[in-house]
Every structure is written in structure tokens, then in C-alpha cells.
Amino acid sequence: MAPDPPEPEELPACCRDVVTEYSREILKFGELLFQLLSEALGLKPDHLKEMGCAEGVNLLYNYYPACPQPELTLGTTQHADVGFISLLVQDHIGGLQVLHRDHWVDVPPDSEGIVVNIANLLQVMSNDRALVKSVGPRASVVAFFGVGYASGSRVYGPIEELVSEENPPRYRKTTVEDFLTQSYKQGLNGMSFLDNLRLVAD
């Protein structure tokens, strides 16, 4: 939906208006989040926006019909989002899980809330700094704030203001194209490209 949104006629007529309106509002919300995240990192409010974090947005709408035999079905494989942030809206049924201390934990659904996920590229930029089913059908909407191959030559790494002698860079710099290509390639093998970028062991 950004930076080059589709023409209205490219969207299904049944959801054209709501998708257009939702995209406009989620872009505003994303820009506000990047301001808050910048401030939480001790940076000026427009720092992350100026770095291009709010330029690219892809929307993914999921609809899962009720499954009579969920034990025979594979869900989405484990993965990490590769952009800056992902904003997830779930219905009352949910389905999102996070890996915490080697255990998968359900994220309780809140049909009036938005789950904010810090994605891999923002993790690199923040230098690891801490930032604040058998029923159905169920639905979710995800807005991925990231960059596309159009920005392939742009280089990202730990933000200089977040690096010091006491807090050295934990990741090497990478181009967007290399980051996306390697992340998708290694994601298919269940590996994380972050491990290849890491300079400082945990």
C-alpha cells in the first residue's frame, strides 16, 4: 500500500473502500509508533521516519475457515518478520503464538487492540536495545512496515547514536537487498539471517 499503492480498480470491489481507509489510518498509526519508538530509544521523534522506516507498507489479509481436523493441518511455519515493525489485528479467536524461552505461547486475542511486533531490521538498527484453531472462521490483518527492493542499495546497521564504547555494535551493516534476499533464503531453512549479521555473541 506504500509507497506505490495499487489503483482502486485493482482491489476487489467488496472491500475496496475499507482497504483504502484502513491503509490510510494504519500509515498514520505507524508514523506515530515510529515517533514513540524513536523517543523510547533516546532519539529525536522523527529519527526512524527519516531513516525510511515508514516508507513501505504491505498489507496481508488472512481468512481461515473452521477446520474439522486441525491436528492434520499445518499452520504457518515459525518465522521472524524481516522489516521494521508488523502491526497485527486479530479477531476474537486469535491464533498468534510467540516463542518465549523455547516454548510457544499463545498471544491472547484482543479484537480491539493491535499487536506490535518489532521485526528483524529494527532489531539490527536498535542494536538489540530493549523497546517498550479448531473453531472459526477467524481473520487477521497484518501491516508490514519495511522496505522493498526499490530501496535495495540503502544500508542499515546499528544507529550511531545508540552505539558507544560501553555498547558496541552488535550487528554489521547490510544493504536492504542483501538483508531481504538472505532472510528469505535462510528463512526457508529455519535459520535466522540475524545470526550472520551478529558481531557480539549473546
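Residues numbered from 1 in each chain as written. Predicted model: local features only at pLDDT ≥ 70, side-chain atom pairs only at ≥ 80, totals over all residues. Heavy atoms only, no water.

Student: Just checking my understanding: could you explain the overall build of the protein chain for this structure?
Tutor: The number of helices and strands found in the protein chain is 5 helices and 8 strands. For the protein chain, the α and β elements follow one another from N to C terminus as α-α-β-β-β-β-β-α-β-β-β-α-α. Residues classed as buried in the protein chain amount to 34% of the 202 residues present. Surface exposure of the protein chain reaches about 12600 Å², of which carbon and sulfur atoms provide 54%. (Helix = DSSP H or I, 4+ residues; strand = E, 2+ residues; numbered from the N terminus. Buried < 20%, exposed > 50% of the residue type's maximum accessible area, 1.4 Å probe, protein only. Areas by Shrake-Rupley, 256 points an atom, 1.4 Å probe, with all protein chains shown as cover.)

Student: When you look at the nonpolar core in this model, what are you seeing that I'm missing?
Tutor: Burial of nonpolar side chains together is a common tendency in soluble globular proteins. Phe34, Leu48, Phe84, Ile85 and Met125 are the most contacted members of the largest nonpolar core, which totals 31 residues. Elements that contribute at least two residues to this core include exactly helix H1 (16-40), strand E1 (56-64), strand E2 (85-90), helix H3 (120-125), strand E6 (138-146), helix H4 (176-187) and helix H5 (193-197). (Core = buried A, V, L, I, M, F, W, Y, C linked by side-chain atoms within 4.5 Å.)

Student: What is the right way to read the pattern of salt bridges from this model?
Tutor: Oppositely charged side chains are able to pair whenever their charged atoms sit close together. Summed over all chains, the structure comprises 7 salt bridges. Here aspartate 128 makes a salt bridge to arginine 170, at a shortest N to O gap of 2.7 Å. Owing to a relative accessible area of 26%, aspartate 128 belongs among the partly exposed residues under this scheme. Taking relative accessible area as the criterion, arginine 170 reaches 17% and is therefore assigned buried. Between aspartate 128 and arginine 198 there is a salt bridge whose closest N-O contact spans 3.1 Å. You can call arginine 198 partly exposed: its relative accessible area is 22%. Look at the salt bridges and you will find they share partners, linking Asp128, Arg170 and Arg198 into a network. (Salt bridge = Lys/Arg side-chain N within 4 Å of Asp/Glu carboxyl O.)

Student: Is there a simple way to explain the environment of proline 3 in this structure?
Tutor: Locating proline 3 in the fold gives a position in the segment before H1. Among all residues touching proline 3, those that are not within four sequence positions of it are Glu55 and Gly56. (Contact = heavy atoms within 4.5 Å.)

Student: How should the packing of aromatic side chains be read in this particular structure?
Tutor: Any pair of aromatic rings gets described here by the distance separating the centres and the angle formed by the planes. Tallied over the full model, the rule gives 2 aromatic pairs. Arranged with centres 6.5 Å apart and planes meeting at 85°, the rings of phenylalanine 34 and phenylalanine 84 form a pair that is edge-to-face. Taken together, the residues span a long stretch of sequence, with phenylalanine 34 in helix H1 and phenylalanine 84 in the loop between E1 and E2 at a distance of 50 residues. One exposure class covers both phenylalanine 34 and phenylalanine 84, and it is buried. Measuring from ring centre to ring centre gives 5.5 Å for phenylalanine 84 and tyrosine 156, while their planes differ by 70°; the resulting arrangement is edge-to-face. Tyrosine 156 matches phenylalanine 84 in its accessibility class, with the two residues each being buried. A connected cluster of aromatic rings, assembled from ring pairs, spans Phe34, Phe84 and Tyr156. (Phe/Tyr/Trp six-rings, centres within 6.5 Å; stacked < 30°, edge-to-face > 60°.)

Student: Could you clarify how one ought to interpret H1 in this entry?
Tutor: Taking 1.5 Å of rise per residue, 25 residues should cover 36 Å, and H1 covers 36 Å from first to last C-alpha, within 8% of that figure. Just beyond H1, the residue with positive phi is glycine 42, at close to 80°. (Expected span 1.5 Å × (residues − 1).)

Student: Looking at this model, I keep getting lost on the environment of serine 111. Mind explaining?
Tutor: Mapping serine 111 onto the fold places it in the loop between strand E4 (103-106) and strand E5 (115-118). Residues serine 111 and histidine 92, 19 residues apart in the sequence, show an inter-C-alpha distance of 5.2 Å. Sequence-distant contacts of serine 111, that is, excluding residues within four places in its chain, are made with Gln90, Asp91 and His92.

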